[in-house]
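Fold and contact review
Residues per chain are reported as follows:
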Amino acid sequence: MPSQSKLAIFGDSNLGAVRRAFDGGLLSFPGYDVEFWGAAGSEYRNIHYGKGALRPITPEAEKAVLFVNGKGRKRLRTEDFNVFVFYGVRLRLAEFFAAYIDLMLDHERSVSEAALASAAKQFLQERRAVRMAQLMKADGAEEIVFVFAGFPCWGVIDHSEEGRLLADHPRVLEAQPSHRARLWAALERAFEDLGLGFIGQPEEAVVQGMFSDPVYAVEGAAEKEDANHKSPSFAALLLKKRFE
């Protein structure tokens, strides 16, 4: 029997949805030997890249990644895996979408494909996880795929409250599939230009312009006022199209 390819799934607190999907049989990753690696909250920020590996830089972060991994792997070395999935990793794409959907909905202005391409490139360069992935590619990582953990879920919280998405960008509710398609295409090209793969959010999971269908909200979302984390079924929806 041929040996399986090795797949590392790296992420922040959103990684929990993938792990539960995997453990619950919603995802199987056929042909891959899978490991999870990452940390939630402030400990995610204490994961850095250097000397050919992602590594925790504090004892607390090391404890967190060992708990997530469960196999004693303290470092995630580029040479140890064939494929790396960066899941969640604080891409904050809702910020990008909100700003440019606002522009596209302004009938007195136009946004060219060149402008979107430049904006997507600049936005990615400002993401720490993307910069780490570029270093990993330079050090020989074969394949790295970024996966967006999804827009905030609709109906879980009041998104029009001060400091939330609709307070600053109320018109995003008017966004159409054509607007989203232009932005996804710009991001896909920007990732491709960096030698990275990218999985965005399927249209079937989008409601109200640029929110996630509440059917994918994490269990207890309303009680916890957590519109950001998603259910295992959401993680399965994203990853099945690439890995099954």
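Quick summary incoming for the structure in this document. (Residues numbered from 1 in each chain as written. Predicted model: local features only at pLDDT ≥ 70, side-chain atom pairs only at ≥ 80, totals over all residues. Heavy atoms only, no water.)

**Regarding the packing of aromatic side chains**
Put simply, the test is: Note on ring pairs: Phe, Tyr and Trp rings are taken, using the six-membered ring of Trp, and paired if centres are within 6.5 Å. Classes follow the plane angle, with under 30 degrees stacked, over 60 edge-to-face and the rest tilted. In this text, helices come from DSSP runs of H or I with a minimum length of four residues, and strands from runs of E with a minimum of two, each type numbered from the N-terminal end. Only protein chains enter the area calculation, which uses a 1.4 Å probe; residues under 20% of their type maximum are buried, those over 50% are exposed, and those in between are partly exposed.
In this structure the tally under the stated criterion is 22 aromatic pairs. A centroid spacing of 5.1 Å and a plane angle of 40 degrees characterise the contact between F96 and Y100, whose relative ring orientation is tilted. Of the two residues, F96 and Y100 are both situated in helix α4 (residues 93-104); the distance of four residues between them amounts to about one turn of the helix. When its relative accessible area of 3% is taken as the criterion, F96 is described as buried.

**Structural notes on the sheet that holds strand β3 (residues 47-50)**
Which entries qualify depends on this criterion: Strand pairing requires that DSSP identify at least two bridges connecting the strands. Whether two residues touch is decided by their heavy atoms; if any such pair falls within 4.5 Å, the residues are in contact. In this analysis an axis means a line fitted to C-alpha atoms, helices contributing only their contacting stretch, and an angle means the value between N-to-C directions, from 0 to 180 degrees.
Ordered in space as β3-β4-β5, the three strands form an open sheet in which the pairing is antiparallel. Only two strands of the sheet have a single neighbouring strand rather than two, namely β3 and β5 (76-77). Note: strand β4 (residues 53-56) against β5, two bridges, orientation antiparallel. Of the residues in β5, the one forming a bridge with L54 is L76. The sheet strands contacting helix α6 (residues 128-138) are β3 and β4, and the helix crosses β3 at an angle near 30 degrees.

**Overview of the pattern of salt bridges**
Selection criterion: Should a side-chain nitrogen of Lys or Arg be within 4 Å of a carboxyl oxygen of Asp or Glu, the pair is scored as a salt bridge.
This structure, assessed with the given rule, holds 16 salt bridges. In this structure, D102 and R171 form a salt bridge, with 3.8 Å as the shortest nitrogen-oxygen distance. One end of the pair, D102, is in helix α4; the other, R171, is in the loop between α7 (165-168) and α8 (177-193), with 69 residues separating them in the sequence. Taking the relative accessible area as the measure of exposure, D102 reaches 17% and is therefore buried. By sharing partners, the salt bridges in this structure join E35, R73, R77, E79 and D80 into a single network.

**Some details on helix α3 (residues 59-69)**
At 3.6 residues per turn, the α-helix brings residues three or four places apart onto the same side. For clarity, the threshold we go by: In this description, one arc is meant: the one made by directions from the helix axis to the C-beta atoms.
Here α3 has its buried residues at A61, V65 and N69. Projection of α3 onto a plane perpendicular to its axis shows the buried side chains occupying an angular sector of 65 degrees, all on one side. Structural note: α3 exposes P59, K63 and F67 on the side pointing more than 90 degrees away from its buried face. Looking at the buried side of α3, the elements it contacts are β2 (32-38), α2 (41-45), β3 and β4. Directly after α3, the chain includes G70, whose backbone phi takes a positive value near 70 degrees.

**Re the layout of surface pockets**
The gaps of empty space that remain are located by a probe, the size of a water molecule, rolled over the atoms. Inclusion rule: A 1.4 Å probe that fits into a set of points on a 1 Å grid over the protein atoms alone but cannot get out defines a cavity; an open set with protein on both sides within 12 Å along at least five of seven lines defines a pocket, and lining residues are those with an atom within 4 Å of a point. Grid points are joined across faces, edges and corners, and a volume is the space filled by probe spheres set on the points.
What the largest pocket holds in volume is close to 640 Å³. Surrounding the largest pocket, 28 residues form its lining, R92, A94, G150, P152 and N228 being those nearest its centre. For the lining of the largest pocket, the secondary-structure elements that each account for two or more residues are α4 and α7. The greatest single-element share of the lining of the largest pocket, amounting to four residues, is contributed by α4.

**Quick word on the sheet that holds strand β1 (residues 5-11)**
The parallel open sheet is built from five strands, whose spatial order is β2-β1-β6-β7-β8. Looking at strand neighbours, the two that pair on one side only are β2 and β8 (197-199), the edges of this open sheet. Across this sheet, the average inter-strand angle for adjacent strands is 20 degrees, counted without regard to direction. Strand direction decides the pairing type here: β1 and strand β6 (residues 83-87), joined by five bridges, are parallel.

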